Amino acid sequence: MITFLDYGAGNVRSVINALESLGEKVKIVTNAEQIASAERLVFPGVGNFGSVMRVLNEKKLVGPLKDYLRSNRPFLGICIGLQALFEGSEEAPGVEGLGFVPGTVKRFVTDLSVPHIGWNGVANRKASRIFDGLRGDEKYYFVHSYHAAPKEDEYVLTTTDYGYPFVSSIQRGNVIASQFHPEKSGEAGLRILRNFLEVREDEARPIHVRDETQLAKRIIACLDVRSNDQGDLVVTKGDQYDVREEGIVRNLGKPVDLARRYYKEGADEITFLNITGFRDFPLEDMPMIEVLKQTSENVFVPLTIGGGIRDYTDKDGREYTALEVAAEYFRSGADKVSIGSDAVLIVEEYLKTGSKTGRSAIEEISRVYGNQAVVISIDPRRVYVTSPDEVEHEVIETAIPGPGGERFCWYQCTIKGGREGRQVDAMTLARVCEELGAGEILLNCIDRDGTNQGFDIELINGVKKAVTIPVIASSGAGCAEHFYDVFTETEAESALAAGIFHREEVPIGEVKGFLKGKVEIRG
């Protein structure tokens, strides 16, 4: 029996599913007495350090947690479960952590994109039973802006490189904690969890002990999900955002089945974009809730969900905030939420006033769950101009001239599935969203969608220069070479495709096979 600390933040469903897939029974902690009687305790999740410690204090769990840690009973902390073991964090100045490990948690100071998102390796610093059966060259999934900085190296189990080496896991007796997410790290991560469950005295050291590690470029499978004319949820694919063919919604498969297929094929992440109607459903009956729950039972890589992350009122008159919608998605299996059209409206309001409200969906979700949990989906199209002076937007000089020979263009953001253009450009939108608390940009391109002509390199480079957070390149992939192009001609951290994967025109394995040895990837 595993006692599981669910403090109400982040995606804990995936950790429970991973433990249960290994045959373990999970008991969720709701009070101090259950911590005191636990034999093995798991402290998972993502979130803001200050929010997590506030909840632990409000529930009077801090004292029992400290007692448990001092008892040297088996403990596994994941992500914020590692950071909370330290004395404090730069993320929440003045807030005390559990203080089990001397040291603090610091924000990354690097020229690389922050948050650190994706698959990276670990360099082993000492032996541990947690590594039994592992080679040592595996990659694990990270998503964080802050990292542990212990005062001494005594408890450092592994380090990972991201601009400089940082502590990626610690061990003090039977207390083990990792910054990476084993429940989102495929078979290697499941092996870590299995080793934790099989408590024994012997220690193991991987065959390959690295000196340095490198972040992999991510290959992401995207599933556009909507109701067809019969009311069934299907995965579809647009041609410049038109999902109908001869009047019928394209049906490329069932979302749960396709997600499982992509996990087995080696997808590094899976994104669901809910493009079905989102108007009157009670939150608990949203179709995508069940899709997430079923997918997270067998898919142990990160899941992102987009669509409907906003304030709304259902048919019964009940009002929901964007934060409540996001929370339900997180608890159903999502690791990140993607905000699209509403982000444009939020930025337009910001540009009018020049100040934050603190109440936008971007600000509220990032404040509770951390900026790494908020992805902004941008849907721009090219607007050609003869001179940069014609508009007040950020204009680029393009190598792809317009229909009248124009050598300049700007990227107009759209809403409502690309049907309505707005007077804000992609670079400005991305920059403001980062300032409001977003942690990642999903950069689409209406002009390239469904064309198989390759990614819009000029757009990606323009947005990458505008922000310091990771960018996912999307729209236009038609062959494996296009992924090589985007990773070598831009600094995008990941690339996403949909139709070519759904129709098996270019399988994920073919993409990774082509990139192997040319670009750092997860094997």
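Scroll up to find the structure this text is about.
Residues numbered from 1 in each chain as written. Predicted model: local features only at pLDDT ≥ 70, side-chain atom pairs only at ≥ 80, totals over all residues. Heavy atoms only, no water.

Just to check I follow, could you spell out the overall build of the protein for this structure?
Per the secondary structure count, the protein includes 16 helices and 30 strands. Here the C-alpha coordinates of the protein stretch approximately 75 × 55 × 45 Å along the principal axes. A fraction of 72% describes how many contacts in the protein between residues 6 or more apart in sequence connect residues 24 or more apart. Carbon and sulfur atoms form 45% of the exposed surface of the protein, whose accessible area is close to 20,500 Å². Positive and negative charge centroids in the protein, built from 61 and 80 side chains respectively, lie 4 Å apart. (Helix = DSSP H or I, 4+ residues; strand = E, 2+ residues; numbered from the N terminus. Contact = heavy atoms within 4.5 Å. Areas by Shrake-Rupley, 256 points an atom, 1.4 Å probe, with all protein chains shown as cover. Lys, Arg positive; Asp, Glu negative; His and termini not counted. Charge placed at Lys NZ, Arg CZ, Asp CG, Glu CD.)

Any chance you could explain helix 6 (residues 186–197) here in plain terms?
For an α-helix the count is 3.6 residues per turn, leaving residues at separations of three or four pointing the same way. For helix 6, with 12 residues, the first-to-last C-alpha span of 17 Å sits near the 16 Å given by 1.5 Å per residue. Among the 12 residues in helix 6, 9 count as buried, and that is most of the element. What helix 6 keeps buried is the set Gly-186, Ala-188, Gly-189, Leu-190, Ile-192, Leu-193, Asn-195, Phe-196 and Leu-197. (Expected span 1.5 Å × (residues − 1). Buried < 20%, exposed > 50% of the residue type's maximum accessible area, 1.4 Å probe, protein only.)

Where do I start with the packing of helix 7 (residues 255–265) against helix 8 (residues 287–296) in this structure?
Packed helices, taken two at a time, are described by the angle their axes make and the gap between the axes. Contact geometry for helix 7 and helix 8: axes closest at 9 Å, N-to-C directions at 30 degrees. Crossing of helix 7 over helix 8 shows right-handed handedness. Contacts between helix 7 and helix 8 involve Pro-255, Val-256, Ala-259 and Arg-260 from the former and Val-291, Gln-294 and Thr-295 from the latter. Looking at the contact of helix 7 with helix 8 residue by residue, the classes come out as 4 nonpolar, 2 polar and 1 charged. (Axes fitted to C-alpha atoms, helices over the stretch in contact; angles between N-to-C directions. Left-handed = near helix turned anticlockwise from the far one by under 90°. Nonpolar A, V, L, I, M, F, W, Y, C, P; charged D, E, K, R; others polar.)

Can you help me understand helix 9 (residues 322–332) in this one?
Among all positions of helix 9, only Ala-322, Val-325, Ala-326, Ala-327, Tyr-329, Phe-330 and Ser-332 are buried. Positive phi appears at Gly-333, one or two residues downstream of helix 9, with a value of about 130 degrees.

Whenever I open this one, the pattern of salt bridges confuses me. Can you help?
Two side chains with opposite charge may pair up if their charged atoms get near one another. For the structure on display, the rule yields 27 salt bridges. Residue Glu-520 pairs with Lys-139 through a salt bridge whose shortest N-O separation is 2.9 Å. Linking Glu-520 in the segment after helix 16 (508–515) with Lys-139 in the loop between strand 8 (123–124) and strand 9 (140–144), this pair joins segments that are 381 residues apart in sequence. Take Lys-139: its relative accessible area is 9%, and that puts it in the buried class. Residue Arg-503 is joined to Glu-505 by a salt bridge in which the shortest nitrogen-to-oxygen separation is 2.9 Å. Taking relative accessible area as the criterion, Glu-505 reaches 41% and is therefore assigned partly exposed. Linked through salt bridges whose partners overlap, the residues forming this network are Arg-218, Glu-269, Lys-336 and Glu-440. (Salt bridge = Lys/Arg side-chain N within 4 Å of Asp/Glu carboxyl O.)

Would you mind going over the side chain of Gln-412 with me for this structure?
By the element assignment, Gln-412 lies in strand 26 (residues 408–415). Among the polar contacts made by the side chain of Gln-412, one reaches the main-chain carbonyl oxygen of Arg-422 at a distance of 3.3 Å. When sequence neighbours within four positions are dropped, the list of residues in contact with Gln-412 reads Asp-379, Pro-380, Arg-381, Val-383, Gly-421, Arg-422, Gln-423 and Val-424. (Polar contact = N/O pair within 3.5 Å; in protein donor to acceptor, adjacent residues only side chain to side chain.)

For this particular structure, what's the right way to read the packing of helix 8 against helix 9?
At their nearest, the axes of helix 8 and helix 9 sit 8 Å apart, and the two run at 30 degrees to each other. Classified by the interaxial angle, the pair formed by helix 8 and helix 9 is roughly parallel. Contact with helix 8, carried on its side by Met-288, Ile-289, Leu-292, Lys-293 and Ser-296, involves Glu-328, Tyr-329 and Ser-332 of helix 9 and no other residues of that element. Class assignment for the residues of the contact of helix 8 with helix 9 results in 4 nonpolar, 2 polar and 2 charged. (Parallel < 35°, antiparallel > 145°, perpendicular 65-115°, else oblique.)

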